[in-house]
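These are the residues of each chain, in order.
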Amino acid sequence: MKRVVVGLSGGVDSSVAAYLLKEQGYEVIGLFMKNWHDDSVTISNECPWLEDSNDALLVAEKLGIPFQTVDLSEQYKDRIVDYMFKEYENGRTPNPDVLCNREIKFDVFMKIALSLGADFVATGHYCRKGTIQKEGKEIYQLLAGIDGNKDQSYFLCQLSQEQLAKALFPIGELTKPQVREIAAQLDLITAEKKDSQGLCFIGKVRLPEFLQQQLQPKEGIIIEIDKNDSIYSQLKPTFDSLEEQLQFDAQPLTYLPTMGKIVGKHQGAHYYTIGQRKGLNVGGTKEPLFIIHTDVKTNTIYTGQGHDHPGLYRTTLKVNPDEIHWIREDLRLNNGESMKVLARIRYRQALQKATLHQFESGLYVVFDEPQSAITEGQFVAWNIDVELVGSGVIS
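A. Structural context of the overall build of the protein chain. Scanning the protein chain from N- to C-terminus turns up eight helices and 17 strands. Against the 2.2 N^0.38 benchmark of 21 Å for 395 residues, the protein chain shows a C-alpha radius of gyration of 23 Å, consistent with a compact globule. The C-alpha extent of the protein chain, read off along each of the three principal axes, is 65 × 55 × 35 Å. Counting the 395 residues in the protein chain, one finds 52% classified as buried. Separation between the mean location of the 42 positive side-chain charges and that of the 53 negative ones in the protein chain comes to 2 Å.

Spelled out as structure tokens, the structure:
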């Protein structure tokens, strides 16, 4: 009998995942990961992990499976929280959920599970795993979940073949309403529970305050750039090669304070991200202001009016050579090669037509249509049809 360790988070998805595995004849063990216990930054009266671990325990009892809690808060701090601070300090916007899957759930947690004699680790993600044979070798695929509204394959875009080999996603074939229905029929305490928001496993964290504990506030200016500024109509230089052109196109525009007018002050450029609209506290503009660029060196924020401001859009982004990740190693591009894909730069974005170009200097993703708020530090993931084949950090 194969043994599976399920990451029981205290939510409805992992509860139903555990039930389905038991129905399929696996020996199931429930494990709750405690990744955080600094209550000073979670929002007041909710102690999310206590409530969640309690719910997870009740679910395990109801399903008749063994249950224990593992404290991974030290690894979580080292690998996720410290990384987030570093990224924000450098003016990049990290994605802790993608990282949490790569570093915590499918690494630290998986090693604990395997040490308990598990054959597999299962989570309540809305995605599916496929297996194909190629040259006599088994290759694992990461496929989108059936529920188009909830497909979470993006969050797993950094997994490796070794990690996928040991992973199971029991609810990938179901929709969210079906999952809730099963939980209701089983009378599980999590059946009606709202989906968790906020950082994975930390609960609702006030991000600015969380960051302010480490990053000192420092006042700077907010500048508004007119959408008809000459920077948006500059002629492109001529290029000797496609690589040169892509390098140019992937560079964000360079803004200077002299190009616009000062419309307000902020408490630190490192607290803000491109495309952000809330939290600027600048009124009196005809259309809402969006952040089009942040400069952490000069501590300046550049904004533009309206979501169609040209400063928000680019067609090309770059992934540095050491941050290119292929789930399907067999499809990895050689220098000079290109590939048509469907890509997204954030969770829940519809897949966009794009072309990958691999060069010595890095991987370039060129979208057919300009994309809004391409943000350094976030992950771009690319698909062939419903299969997510690779990803990388936007540089």
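Now that the structure has been shown, we can carry on.
B. Summary view of the environment of valine 365. Turning to its location among the elements, valine 365 is positioned in strand S15 (residues 362-372). Between the C-alpha atoms of valine 365 and aspartate 229, which are 136 residues apart in sequence, the distance is 27 Å. Valine 365 has contacts with Thr315, Thr316, Leu317, Ala343, Ala354, Thr355, Leu356 and Val380, leaving out every residue within four places of it along the chain.

C. The arrangement of the sheet that holds strand S2 (residues 27-34) in detail. Pairing within the open sheet is parallel, and its five strands lie in the order S3-S2-S1-S4-S7. Edge positions in the open sheet fall to strand S3 (67-71) and strand S7 (167-168), since each of these has one partner strand only. Relative to strand S4 (residues 120-122), strand S1 (residues 3-7) is paired through three bridges, and the arrangement is parallel. When the sheet's bridge partners are listed, valine 4 is paired in S4 with phenylalanine 120. Against the sheet, helix H1 (residues 12-23) contacts S1, S2, S4 and S7, and its axis sits at roughly 170 degrees relative to S1. Along the sheet face, helix H4 (residues 96-115) touches S1, S2, S3, S4 and S7 and points at about 125 degrees away from the line of S2.

D. Structural view of the sheet that holds strand S8 (residues 220-224). One open sheet holds the four strands; their spatial order is S9-S8-S11-S10, and the pairing between them is mixed. Taken across any chain shown, the strands that pair with only one partner, and hence form the sheet edges, are strand S9 (261-266) and strand S10 (289-295). Mean inter-strand twist for the sheet, computed between neighbouring axes without regard to direction, equals 30 degrees. The sheet contact formed by S10 and strand S11 (residues 300-305) spans six bridges and is antiparallel. Within S11, the position partnered with phenylalanine 290 by the bridge is glycine 304.

E. Local environment of unusual backbone geometry. The phi torsion at arginine 348 lies on the positive side, around 70 degrees, for a residue other than glycine. Secondary-structure assignment places arginine 348 in the loop between strand S13 (338-344) and strand S14 (352-359). For alanine 373, which is not glycine, the phi torsion reads 55 degrees and is therefore positive. For alanine 373, the location among the structural elements is in the loop between S15 and strand S16 (379-384). Residue class for alanine 373 comes out buried when judged on its relative accessible area of 8%.

F. Spatial organisation of the packing of H1 against helix H6 (residues 176-185). Viewed as axis vectors pointing N to C, H1 and H6 meet at an angle of 70 degrees, and their least axial separation amounts to 9 Å. For the element pair H1 / H6, the angle class is roughly perpendicular. Considering the relative orientation of H1 and H6, their crossing is left-handed. Taking contact as the criterion, the partners of Val12, Asp13, Val16, Tyr19 and Leu20 in H1 are, on H6, Lys176, Val179, Arg180, Ile182 and Ala183.

Rules of the game
- Residues numbered from 1 in each chain as written.
- Predicted model: local features only at pLDDT ≥ 70, side-chain atom pairs only at ≥ 80, totals over all residues.
- Heavy atoms only, no water.
- Helix = DSSP H or I, 4+ residues; strand = E, 2+ residues; numbered from the N terminus.
- Rg over C-alpha atoms; globule rule 2.2 N^0.38 Å.
- Buried < 20%, exposed > 50% of the residue type's maximum accessible area, 1.4 Å probe, protein only.
- Lys, Arg positive; Asp, Glu negative; His and termini not counted.
- Charge placed at Lys NZ, Arg CZ, Asp CG, Glu CD.
- Contact = heavy atoms within 4.5 Å.
- Pairing = 2+ DSSP bridges.
- Axes fitted to C-alpha atoms, helices over the stretch in contact; angles between N-to-C directions.
- Parallel < 35°, antiparallel > 145°, perpendicular 65-115°, else oblique.
- Left-handed = near helix turned anticlockwise from the far one by under 90°.

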